[in-house]
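# Summary of structural features
If you want the building blocks of each chain, they are given just below.
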Amino acid sequence: FTRAAELGNADAHYRLSLLYRDGEGVEKDRGKVVHHLEEAAIRGHPDARHDIGCHEWNNNGSAERAVKHWIIAATQGDDGSIKFLINAFKG
């Protein structure tokens, strides 16, 4: 996946983020997870955008940024982001 990511493939970036998150074949590295998620999201990957929203919500305490990411992912067709948005606004 590394070569494809270097060539700008969004799915390759997303898959690398999962490998670094889970430590599959590589050492776990939170910084690389976020880097590859951001690269994939910039290239229009809705799952990556959703996961960045989760990262903002859970790790950075930024509900506003999380919601922005989930809105973008939802407009790209990510059903999980729609569910997260509903829960975020339930109050």
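Presented here is a report on the structure given in the accompanying data block. (Residues numbered from 1 in each chain as written. Predicted model: local features only at pLDDT ≥ 70, side-chain atom pairs only at ≥ 80, totals over all residues. Heavy atoms only, no water.)

Moving on, we get to the overall build of the chain. Assigned secondary structure in the chain consists of six helices and zero strands. For the chain, the α and β elements follow one another from N to C terminus as α-α-α-α-α-α. A compact globule built from 91 residues should have a C-alpha radius of gyration of about 12 Å, and the chain, at 13 Å, falls within 12% of that. On the principal axes, the C-alpha backbone points of the chain span a range of 40 × 25 × 15 Å. Evaluated residue by residue, the chain yields a buried proportion of 36% over its 91 residues. (Helix = DSSP H or I, 4+ residues; strand = E, 2+ residues; numbered from the N terminus. Rg over C-alpha atoms; globule rule 2.2 N^0.38 Å. Buried < 20%, exposed > 50% of the residue type's maximum accessible area, 1.4 Å probe, protein only.)

Looking now at the environment of His 35. Position of His 35 relative to the elements: it lies in helix 3 (residues 30-42). Along the backbone, His 35 and Leu 19 are 16 residues apart, and their C-alpha atoms lie at a distance of 13 Å.

The subject of this paragraph is helix 3. If you check helix 3, its first and last C-alpha atoms are 18 Å apart, about what 13 residues at 1.5 Å a residue would give, namely 18 Å. Val 33, His 36, Leu 37, Ala 40 and Ala 41 are the residues of helix 3 that are buried. Considered in projection along helix 3, the buried side chains sweep an arc of 135° and stay on one side of the axis. At its buried positions, helix 3 is contacted by helix 2 (10-22) and helix 4 (46-60). Sitting at the head of helix 3, Asp 29 places a side-chain oxygen 3.0 Å from the backbone nitrogen of Gly 31. One or two positions beyond helix 3, positive phi appears at Gly 44, with a value near 90°. (Expected span 1.5 Å × (residues − 1). Arc of directions from axis to C-beta. Contact = heavy atoms within 4.5 Å. Polar contact = N/O pair within 3.5 Å; in protein donor to acceptor, adjacent residues only side chain to side chain.)

Moving on, we get to the packing of aromatic side chains. Per the stated rule, a full pass over the model turns up two aromatic pairs. Ring geometry for Trp 57 and Trp 70: centres 5.4 Å apart, planes at 35°, overall tilted. Of the two residues, Trp 57 sits in helix 4 while Trp 70 sits in helix 5 (residues 63-75), which places them 13 residues apart along the sequence. By relative accessible area, Trp 57 is classed as partly exposed at 39%. Ring pairing ties together the aromatic residues Trp 57, Trp 70 and Phe 84, which thus form one cluster. (Phe/Tyr/Trp six-rings, centres within 6.5 Å; stacked < 30°, edge-to-face > 60°.)

Shape descriptors only; they carry no functional weight alone.
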